[in-house]
Amino acid sequence: METLLVCPRCGAFVQPEWSSCRICGYNPHDASTHGPIERPARVRERVKPATVIGGLCTLALLAALAFGVVRGGIYLWDHRSGPVNHQEYVVIER
């Protein structure tokens, strides 16, 4: 490509001994390769209901798991043993 360091079409680095760009095919001596790079048209597909239902079930399961972890942490915190939570009973005879 005649001592080009960067391809003018795609911006890829090129070697001076290359006759054309190895990425996009640009050739400075061939006018048919000088146009813009055509990107393929994006095909939109409809989302399947089973995929949506599966995703919602997974989300509900993760939410229930997180709720259980929080509840378990609260339960363990409330029922912890230690000097803070020990109660002493004093029995007085009458």
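Look up a bit, the structure's there.
Because the structure is a prediction, the values reported are computed rather than measured. (Residues numbered from 1 in each chain as written. Predicted model: local features only at pLDDT ≥ 70, side-chain atom pairs only at ≥ 80, totals over all residues. Heavy atoms only, no water.)

What follows deals with the overall build of the protein chain. Across its full length, the protein chain carries one helix and zero strands. When each of the 94 residues of the protein chain is scored for burial, the buried share is 10%. Pairs at least 24 apart in sequence give 18% of the contacts found in the protein chain among residues at least 6 apart. Accessible surface, the protein chain as shown: approximately 9,000 Å² in total, 60% of it carbon and sulfur. (Helix = DSSP H or I, 4+ residues; strand = E, 2+ residues; numbered from the N terminus. Buried < 20%, exposed > 50% of the residue type's maximum accessible area, 1.4 Å probe, protein only. Contact = heavy atoms within 4.5 Å. Areas by Shrake-Rupley, 256 points an atom, 1.4 Å probe, with all protein chains shown as cover.)

For helix 1 (residues 49–78), which comprises 30 residues, the first-to-last C-alpha distance of 43 Å matches the rise-based estimate of 44 Å (1.5 Å per residue) to within 8%. Burial within helix 1 is sparse, with just zero of its 30 residues counted as buried. (Expected span 1.5 Å × (residues − 1).)

Turning our attention to the side chain of Asn27. Mapped onto the fold, Asn27 is located in the segment before helix 1. Looking at Asn27, its side chain comes within polar contact range of the main-chain nitrogen of His29, at 3.0 Å. Not counting residues up to four positions away in its chain, the partners in contact with Asn27 are Ser19, Ser20, Thr33 and His34. (Polar contact = N/O pair within 3.5 Å; in protein donor to acceptor, adjacent residues only side chain to side chain.)

A complete count under the given rule lists zero disulfides for this structure. Of all cysteine sulfurs, the one in Cys10 lies closest to Cys21, which takes part in no disulfide; the gap is 3.7 Å. Here Cys24 stays unpaired: no disulfide links it, and the sulfur of Cys10, its closest cysteine neighbor, is 3.7 Å away. (Disulfide = S-S within 2.5 Å.)

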